[in-house]
Amino acid sequence: MSFQNEMSNLFPRVNGWMGMSNIHVSIYSNTVVDMSNTEVGTVLKMLQSTHTPELIYKKLSFLFDGVEWLVDEDTFSKLILVLVKYELSGSYFETPDMIQNPVTGHYFHRVALYPEHNLVLGFRCWAGVENGRFNFGWRFRVTSLESDEEQQKVRVEVTRRQKIVLDEVEEVYDMIAEVAEVAEPSVNLVELAPLYEYNSEVYGDE
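Residues numbered from 1 in each chain as written. Predicted model: local features only at pLDDT ≥ 70, side-chain atom pairs only at ≥ 80, totals over all residues. Heavy atoms only, no water.

Novice: Hey, could you run me through the environment of Cys125 in this one?
Specialist: The topology assignment puts Cys125 in strand E5 (residues 119-130). In sequence terms Cys125 and Phe136 are 11 residues apart; their C-alpha atoms lie 7.4 Å from each other. Leave out the neighbours within four places in its chain, and Cys125 touches Leu83, Val84, Glu87, Phe136, Gly137 and Trp138. (Helix = DSSP H or I, 4+ residues; strand = E, 2+ residues; numbered from the N terminus. Contact = heavy atoms within 4.5 Å.)

Novice: Sorry, what's going on with the packing of helix H4 (residues 73-88) against helix H5 (residues 148-177) here?
Specialist: To describe two helices that pack against each other, one gives the angle between their axes and the distance between the axes. In contact at an axis separation of 9 Å, H4 and H5 are set at 65° when each is read in the N-to-C sense. The chirality of how H4 crosses H5 is left-handed. Taking contact as the criterion, the partners of Thr75, Lys78, Leu79, Leu81, Val82, Lys85 and Tyr86 in H4 are, on H5, Arg161, Gln162, Val165, Leu166, Glu168, Val169, Glu171, Val172, Tyr173 and Met175. For the contact of H4 with H5, the residue count by class is 10 nonpolar, 2 polar and 5 charged. (Axes fitted to C-alpha atoms, helices over the stretch in contact; angles between N-to-C directions. Left-handed = near helix turned anticlockwise from the far one by under 90°. Nonpolar A, V, L, I, M, F, W, Y, C, P; charged D, E, K, R; others polar.)

Novice: What's the story with a negative patch on the surface in this structure? I'm lost.
Specialist: Residues Asp167, Glu170, Asp174 and Glu178 make up a contiguous surface patch of negative charge. Mapped onto the elements, Asp167 comes out in helix H5. Asp167 gets classed as exposed once you look at its relative accessible area, which sits at 61%. (Patch = residues over 30% accessible without salt bridge, like charges linked within 9 Å, V, L, I, M, F, W, Y side chains within 5 Å. Areas by Shrake-Rupley, 256 points an atom, 1.4 Å probe, with all protein chains shown as cover. Salt bridge = Lys/Arg side-chain N within 4 Å of Asp/Glu carboxyl O. Lys, Arg positive; Asp, Glu negative; His and termini not counted. Charge placed at Lys NZ, Arg CZ, Asp CG, Glu CD. Buried < 20%, exposed > 50% of the residue type's maximum accessible area, 1.4 Å probe, protein only.)

Novice: Explanation requested: the pairing of strand E4 (residues 107-114) in the structure shown.
Specialist: Every regular strand shows the same layout, with side chains that alternate between the two sheet faces. Most of E4 sits out of view: 7 of its 8 residues are buried. Of the strand pairs in this sheet, strand E2 (residues 68-69) and E4 are connected by 2 bridges, and their pairing is antiparallel. In the strand pairing of E4, Glu68 is matched with Leu113. Pairing analysis gives 2 bridges linking strand E3 (residues 99-100) to E4, with the strands arranged antiparallel. From the neighbouring strand, Gln100 faces E4, where its bridge partner is Tyr107. The antiparallel pairing of E3 with E4 creates a hairpin that spans 6 residues between the two strands, and Gly105 there sits at a positive phi of about 85°. Note: E4 against E5, 5 bridges, orientation antiparallel. By the bridge assignment, Ala112 is partnered in E5 with Leu121. Counted between consecutive antiparallel strands, the loop separating E4 from E5 contains 4 residues, among which Asn118 sits at a positive phi close to 55°. (Pairing = 2+ DSSP bridges.)

Following this line, the structure appears as structure tokens:
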């Protein structure tokens, strides 16, 4: 049985898996919305005010029922805000728990485990602004681990990352606070729907 078929049996609520690897598969979502103001602070405020990170967490929790989350909803939401801040600044958020796809070079932040099946689940997101449009998407990847010792290492590294996120998110909050109320982003929440109903169509590499 292929790894993808194994994961389909393990997570029956998920369909449209991507990846033909024998050690990992993933799902993703991407959307583009029009915004009158695409400054970093305004974008971050929009994500926060629309509860986008929390809704993504809820959706993933539903799809991947049975996994052991190493982060709660609040911490996951803060991680997304920090990741977007870095993305819009043209850099990436470097943390101890990151795992890199050796083919694409993309980094995933590990957020959950499935100990009984020796799996680790990682999240990454991307963000960009151009010509008054905001592009935002995410990918959630399931990868096999080689040993129980690796699981313990992941737990330790995620704990270390949490402290870094808490420090970094304070700058995010400061940027959001500087956005005037009258500059509330003009974004249609309906357009954000694809973020919560994940998309199985091909969108680049992992």
